[in-house]
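Residue-level listing of the chains:
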Amino acid sequence: MYRTMRRIRRFEETAEVAYRAAKMRGALHFYIGEEASATGVCAALNEGDFITSTHRGHGHCIAKGARLDKMMAELYGRTTGYCGGKGGSMHIADVASGNLGANGIVGAGVPIAVGAALGSKLRNDGKVTVCFFGDAAGPTGAFHEGVNMGSVLNVPVVFVCENNQYGMATHTEYANAAPVGDRGPAYGMPSERIDGNDVFEVYARAKVAIDRARNGEGPTLIETITYRQKGHTIHDSKGYRDEEEIAKWIARDPIERFKRVALEAKALTDEDLQAIDDEVEEAITQAEEFAEASPWPTLDAIEQDVYV
Amino acid sequence: MYRTMRRIRRFEETAEVAYRAAKMRGALHFYIGEEASATGVCAALNEGDFITSTHRGHGHCIAKGARLDKMMAELYGRTTGYCGGKGGSMHIADVASGNLGANGIVGAGVPIAVGAALGSKLRNDGKVTVCFFGDAAGPTGAFHEGVNMGSVLNVPVVFVCENNQYGMATHTEYANAAPVGDRGPAYGMPSERIDGNDVFEVYARAKVAIDRARNGEGPTLIETITYRQKGHTIHDSKGYRDEEEIAKWIARDPIERFKRVALEAKALTDEDLQAIDDEVEEAITQAEEFAEASPWPTLDAIEQDVYV
Amino acid sequence: MAVTSAPDAPAQAATRQIFMSQALHEALDEEMARDPNVFVMGEEVGIWGGAYNVTAGLLEKWGEARIIDTPISEAAIGGAAVGAAVTGCRPVAEFMYSDFMGIAMDQIVNQAAKNRYMFGGAAKLPITYRAPFGAGTGNAAQHTQSLEAWFAHVPGLKVVTCSSPHDAKGLLKSSIREDNVVVFFEHKAIYSMRGPVPEDEYTIPLGLADVKREGSDVSVVTYARQVHYALEAAEQLAGEGIDVEVVDVRTLYPLDVDTILASVNKTNHAVVVYEAARFGGFGAEIASQIQEHGFDDLDAPVLRVAGSHSPIPFSEPLEKGAIPDPERIAAAIRESLQGSR
Amino acid sequence: MAVTSAPDAPAQAATRQIFMSQALHEALDEEMARDPNVFVMGEEVGIWGGAYNVTAGLLEKWGEARIIDTPISEAAIGGAAVGAAVTGCRPVAEFMYSDFMGIAMDQIVNQAAKNRYMFGGAAKLPITYRAPFGAGTGNAAQHTQSLEAWFAHVPGLKVVTCSSPHDAKGLLKSSIREDNVVVFFEHKAIYSMRGPVPEDEYTIPLGLADVKREGSDVSVVTYARQVHYALEAAEQLAGEGIDVEVVDVRTLYPLDVDTILASVNKTNHAVVVYEAARFGGFGAEIASQIQEHGFDDLDAPVLRVAGSHSPIPFSEPLEKGAIPDPERIAAAIRESLQGSR
Ligand SMILES: Cc1ncc(C[n+]2csc(CCOP(=O)(O)OP(=O)(O)O)c2C)c(N)n1
Ligand SMILES: Cc1ncc(C[n+]2csc(CCOP(=O)(O)OP(=O)(O)O)c2C)c(N)n1
Ligand SMILES: [Mg+2]
Ligand SMILES: [Mg+2]
């Protein structure tokens, strides 16, 4: 799990540098500080299980097993990217690995996840779908219709609300009349709010929910409480948060925390961590080089892939 | 309140006869059996307060004080109807009396009610808006977005879910993962489920919620439990309900129940009731005659009233 | 009903007269039998049997797993179809009235229509969205719209209509087999129209217009219910010595421009008929293409007969007056020919 | 920026060069000062100041009661505007991107646009829905659409676009004062374009096109950002001796057909330019009207230059290639004139 979190972190830090060097454009939403959420949840999934993701999707994508080079190439808008350059950061999907796609529309992934789980129920394929969404999706109609329908149809889905405290500049407590993780009773399903920066806790609680779903016992609603350390997008330089708050949460950084725990428990040594870091660094460098060297798409691609 | 309930009942019975005599067309949804809900709630409103209504809107409309003749004329599609014949049963509005309109779209009235209440808050006009909606609106995104926003913006609105057990042939317990009246906690507001066939209870509980809203203490969610004695529309002859269930609820008919209680309590005599019945009958006859005698709209009306 | 020239309808097969609703029902039933990945979801499609009876009996036959009654949640219906399709199912999702698709627009347009493209071709979305549309039933403004122009304008969607039981069945079967997203519009005023439908299985490919009546003087280009009004107008005008060709485009996207242009090349006059509000309606696309590609063939401007610039009113005389009818179509045809004959 | 002929812009007033976002901001601010019933609601309009900075500073000035940050609830935003408007307010509701209006379609189309009509004229809905649209920012398929054709097709709505700070301010002020529902589209690629805006107050009436460049050989009819590309193409072609007139329709509904026809009457050639997907786009309505009412004026078919039949792709070269640019406009103009010169 450390490797995954580290891959997410370094992927984004690297993308940020590339973006600021004008090698990329468009919207870039960083998951930095939230890595434990995707990592813990996806670690509890089987290969072949499905996820739906969000505009802030790099973390989910990497945790579900995507290749960094194809992700980076997509951010660069190159043919070798996951979407051949057509999607960009906000639309990376890796259907083969079960990632049904990032999504530029807040809340929209919820019904899609329910549909994927409905498909699993129909085919009896034993798969579970995890639906990631942000706290600010809590007020959306798509969230409500999807979660209610998931419950009514009793499909194998787990709803994971990643509460990073904000949707853009809007605090989650302003936008949501009640916390998403407290709303289980409104949908006839268990729900809970957990520490989203503790990858072990996330893993453990997600595992319970995923097993439950796989056993046909229905959906669960989990809220992972975490924090968006960076601005909403790479362009966000607004002053709606105080430095103190940010500092407080950086002190709870999920990666540093993992390290502390793992070292204290002597589960890993400094050398182990360093080895992983080195390995990640190599993968990142390779991804960047791959992206840089990849060709741009040509104009004939524009009207391709619209229809089968 | 007896007069109001009686007016609703007789209006619809009369409309049914007219419809079957091919004097009307389109959709006709009967409120028969649910009269206590609209009557109790509207009795607790002040003149000038607002309501939003549904496809099953005759009861709300009458309870809010509409004229039977203009309603009947609308059902007949005549120029003298509330909408000049352009709306029909599903779109009767009486903005002047505060009825912001029936609505053919399930759930759509919820955000509209929140907007009306927001207007009241802005203008500080001391008005309250009551939003009526059916149990089958519980799963809609519009319901969720509206109720959450009403809570977030703390506007003077009361949400009244009329649970008549069905949305068409779908039982409310199938469609809603949890009862609407239990969902207050998900929206940070009080909620309750009450006997919707007891006009006194409806009045009393609505009054509390309306006062609360008027005092700036925020929205309330009330579920009035009642029953649709007739089919979904006049055309519904499907056998998805058993006769026993229907009989059980007819035995709990809100009007008969009111009579029993009022007579037992000696609040009213048989003569009092008869006098009201006679008066209602006269109004109904007058309404029918008015509608029958009213002119049809002419083709030049088609593109009028689209814009101011 | 005029002759249809569906290329793969067997020439001499036995036919029966059935309702359009029954034809659609058969299409669903047969495709469910053919492919276990096909399932139906929507409001009241099960116990109730569909607002227009199309799915009646399917629940009993196929069970709850494949005939799925949903809560009133159009966005979730639209979106669940996406998730199910991407992972290998072939959903047929019904909107009880196309008017309610406004609630599902994001899922249909931002998700279903775009997923394949955004993912660089790495996903397939074999979805059929069915929806009744059109006026004529006294259901007033929120249950009578004709919104096909919205969907035809969305790259990634195919849009299909039908004017007869025969076409309805053949086109719906093809739509279900499509690996793309199809929005399938059924005009609610013709569900109870009868017409011949072969006993044997057949499909009608998407993207082919059908000349429902041959004629030499003017081309009326239309679809769905208005095909019948156009045919009535044609009958009427035959008495005046005007020979009208009626082209049923059937599929709005992809549009069979060739068939339309061939007709106009023959007649040199075109009238486009549609029930939706005239302004910005789908007929504007047809008219634009005709004048663009058939400019030199035209002896007169392409005229349009279409709905009023208003929501559909409830009252019967107003509702009738708000949409085209054979008289107005005939008048436009006469206007088109004026001067050139 | 070419000369604008806004009829009520004072001829000699002092002007400044400001951004389009600032011009829109001023319109909001002035209308809020003018009428206490005007308020602004939407996602991030307050603390954040609007995704494109249009509302920046308004929260501080007008307070939370009138600058209302909402949760992410587009349907509720659309619907709350209806309820507020019917009861006497004059809401300006912002959708952060017009792409999200899919979520609010039911409220905009079935409620806002129809309430007045369904109620027989007994309600007034002075709503302005603002929404950024268009491509060019690398935001990919779900943040770049041009959906104006959907709304222009809905009776009960007025649809407005703007191509300059001057027009933006004058048209937004008029829209807010309208007693009807206005959908006001702002092209996001030109928020940071500067242009002259009078110091003094002015409004521009809806329903008037504006000839942004006079010319005698061909009429390019367009709106929003494409006005600039058309002007660039015109400059380019001036060098080739082709004199291009550029008509900015500004208001899509009601459409100023007279101004368009007058231009075509002069030039006998028309090219319609829009950024949305070509098929079924708003330009089809313009082209249809030109050929219908100006048939005898036309020496060549009305051509269209428009977006690709695809969602907007992310990668820069693809995004650029998916929408019209000055070169493609110039090519279409040459094609239109081919043979007639
Ligand atoms: C339906 C919709 N409305 C608005 C937006 C614009 N938007 C993009 S991200 C965002 C905030 C989302 O917050 P949250 O869901 O908490 O996710 P986070 O960004 O915090 O990860 C908003 C408002 C959108 N993409 N989709
Ligand atoms: C958004 C939407 N979806 C579907 C329908 C079709 N429809 C009309 S009434 C109805 C059932 C509504 O049930 P409920 O809200 O409980 O009200 P009731 O009819 O029981 O009074 C349905 C499905 C609709 N009008 N609007
Ligand atoms: Mg968040
Ligand atoms: Mg009900």
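For the structure itself, look to the data block above.
Throughout this document, residue positions are counted from 1 along each chain, in the order its sequence is written. Note on labels: chains are lettered from A, ligands numbered from 1, in written order. Owing to the predicted nature of the model, reporting of local features is limited to residues with pLDDT of at least 70; listing and counting of side-chain atom pairs is limited to 80 or more, with chain, interface and lining totals taken over all residues. Values shown for side chains rest on all heavy atoms present in the structure; no hydrogens or waters enter the calculation.

Draft legend 1. Geometry of the environment of C:Asp200. Note on conventions: DSSP H or I runs of at least 4 residues are helices, E runs of at least 2 residues are strands, and numbering of each starts at the N terminus. In this structure, C:Asp200 sits in the loop between β8 (194-198) and β9 (210-213). Along the sequence, C:Asp200 and C:Thr15 sit 185 residues apart, while their C-alpha atoms lie 8.2 Å from each other.

Draft legend 2. Fine view of the site of ligand 1. By convention in these notes, a residue is near a molecule or strand provided one of its non-hydrogen atoms lies within 4 Å of it. Every one of the 21 residues lining ligand 1 counts as a neighbour, but A:His55, A:Arg56, A:Gly104, A:Tyr166 and D:Glu74 are closest to it. Close to ligand 1, residues of chains A and D are found. One of the side-chain N or O atoms of A:Arg56 is found 2.6 Å from an oxygen atom in ligand 1. Polar contacts here mean pairs of N or O atoms no more than 3.5 Å apart (in protein, one a potential hydrogen donor and the other a potential acceptor; neighbouring residues in sequence count only if both atoms are side-chain atoms). At a separation of 2.8 Å, an oxygen atom of ligand 1 approaches a polar side-chain atom of A:Asn164. Split by residue class, the shell around ligand 1 holds 10 nonpolar, 7 polar and 4 charged. Charged residues are taken to be Asp, Glu, Lys and Arg, nonpolar residues to be Ala, Val, Leu, Ile, Met, Phe, Trp, Tyr, Cys and Pro, and polar residues to be all remaining types, Gly included.

Draft legend 3. Inspection of the coordination of the magnesium ion (ligand 3) at higher detail. Residues and elements named next belong to chain A. Water is not among the atoms examined, so metal sites may look incomplete; donors are the N, O and S atoms within 2.8 Å of the metal, or within 3.2 Å for Na, K and Ca. At the metal site, the magnesium ion (ligand 3) is ligated by Asp-135 (OD), Asn-164 (OD1) and Tyr-166 (O), and these contacts range over 2.0 to 2.1 Å. Sequence positions of the donors to the magnesium ion (ligand 3) reduce to the motif D-x28-N-x1-Y. Of this pair, Asp-135 sits in the loop between β2 (129-134) and α6 (141-152) while Asn-164 sits in the loop between β3 (157-163) and β4 (166-167), and the two are 29 residues apart along the sequence. Of the two residues, Asp-135 and Asn-164, neither departs from the other in class, the shared state being buried. Here's how the labels work: a residue is buried when its accessible area is under 20% of the maximum for its type, exposed when over 50%, partly exposed in between, all with a 1.4 Å probe on protein chains only.

Draft legend 4. Molecular detail of the packing of aromatic side chains. Centre distance within 6.5 Å is the pairing criterion for rings of Phe, Tyr and Trp, where only the six-membered ring of Trp is used; planes under 30 degrees apart are then read as stacked, over 60 as edge-to-face, and the remainder as tilted. Inspection of the entire model under this criterion finds 39 aromatic pairs over all chains. Both rings, one in C:Tyr253 and one in D:Phe279, keep their centres 5.0 Å apart while their planes meet at 80°; by these two values the pair is edge-to-face. One end of the pair, C:Tyr253, is in strand β12 (residues 251-253); the other, D:Phe279, is in the loop between β13 (270-277) and α9 (282-293), on a second chain. Considered together, C:Tyr253 and D:Phe279 belong to a single accessibility category, that of buried residues. Residues C:Phe282 and D:Phe279 carry aromatic rings whose centres are separated by 5.8 Å and whose planes lie at 50° to one another, so their mutual orientation is tilted. One end of the pair, C:Phe282, is in helix α9 (residues 282-293); the other, D:Phe279, is in the loop between β13 and α9, on a second chain. Here D:Phe279 falls in the buried class, since its relative accessible area comes to 8%. Grouped by ring-pair contacts, the aromatic residues C:Phe133, C:Trp150, C:Phe151, C:Phe185, D:Phe133, D:Trp150, D:Phe151 and D:Phe185 constitute a single cluster. Here, over-ring charges are defined by two tests on the NZ atom of lysine or the CZ atom of arginine: distance to the ring centre within 6 Å, and angle to the ring normal within 35 degrees. Its end group placed over the ring of A:Tyr166, A:Arg241 keeps NZ or CZ at 5.7 Å from the ring centre. In this structure, A:Arg252 packs its charged tip against the face of A:Trp249, placed 4.5 Å from the ring centre.

Note that all results are geometric; they support no functional claim without further evidence.
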